[in-house]
Amino acid sequence: MRTVDSNPQRRIDAMATHPLDNPIWNSLTTVHAHLAEANGLACRFPKDVAALGAILARTEEAWSALASLPSAARVSVVVFDSPVESPSGWQILETSVGLQMIYQGANSSPRTPAPPPGGITELTLADAPEMLALAELTRPGPFGIRARELGTFLGIRREGKLIAMAGERLRLPGFTEISAVCTHPDHTGRGYGAALVTVVIEQICRRGEVPFLHVREVNTRAIELYLRLGFVHRRAFHFVAVRPPGV
């Protein structure tokens, strides 16, 4: 059952100075509220959608609220603006620094990626098993069997098999995140990622929204691609994979 935090100042603080400063919370409390598991101090997506969660503040009360959510028995990936220490009883499984990049328009002389042979198709719920298999192979980030419910996903097929995809994940008023950009290892280096991201950018911009994305700081190849496509660095975040007490 969803509840709204009774403290109005904390709700204001959760939005921070910019909606993208707390993207998971602001997605789950707006456009994706219909998918949210929430209780006022914490929220997250169901485990079969994406292992992404958020807390309203770094307090024991908020961490306990996250642990009480139905999907919290699984690992949750939580985003912070600075390093975080393990809360009482919780286990930190992995931490990484990710860059948030925001689209500011193509360069003055953009090089539009050539469309792949066979073209790009929209993926449907029927494609979910193949989408999950590709995500598990390439590990672009948290991805569940129901991730297709987050937004539009596009794919490229060869001989009937899904070999590349990209789609939409976090959505909040005025902004949509591009995510799950991945290509099968046997088909890399052919510009499929660039072609897919370009089309996803176009569809987001047609809705009057601004594309953004997150990429690991160490993934320099992907960062260079996104810079060429018109993204700029906005800020860095710490992505923390945590497991609740007793699991």
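Above this note sits the structure.
Residues numbered from 1 in each chain as written. Predicted model: local features only at pLDDT ≥ 70, side-chain atom pairs only at ≥ 80, totals over all residues. Heavy atoms only, no water.

A.B. asks: Break down unusual backbone geometry for me, citing the residues and quoting the values.
C.D. replies: Notably, glutamate 159 is not glycine yet its phi reads approximately 50°, a positive angle. Take glutamate 159: its relative accessible area is 85%, and that puts it in the exposed class. Phi angles above zero are rare outside glycine, and alanine 180 is one such case at about 55°. We classify alanine 180 as buried; its relative accessible area is 5%. (Buried < 20%, exposed > 50% of the residue type's maximum accessible area, 1.4 Å probe, protein only.)

A.B. asks: Describe the environment of alanine 57, and please don't skip the residues or the numbers.
C.D. replies: Relative to the helices and strands, alanine 57 is located in the loop between strand 3 (52-55) and helix 3 (60-67). By relative accessible area, which is 30% here, alanine 57 ends up partly exposed. For the pair alanine 57 and leucine 41, spaced 16 residues apart in the sequence, the C-alpha separation amounts to 7.7 Å. (Helix = DSSP H or I, 4+ residues; strand = E, 2+ residues; numbered from the N terminus.)

A.B. asks: Before we move on, could you go through the environment of leucine 134 and cite the residues and values that matter?
C.D. replies: Secondary-structure assignment places leucine 134 in helix 4 (residues 128-138). On the basis of relative accessibility, which here comes to 3%, the residue leucine 134 falls in the buried class. Measuring from C-alpha to C-alpha, the distance between leucine 134 and leucine 162 comes to 7.7 Å, with 28 residues separating the pair along the chain. Here leucine 134 is in contact with Leu162, Ile163, Ala164, Met165, Cys182, Thr183 and His184, once residues within four sequence places are set aside. (Contact = heavy atoms within 4.5 Å.)

Interpretation note: all reported values are geometric properties and have no functional meaning in isolation.
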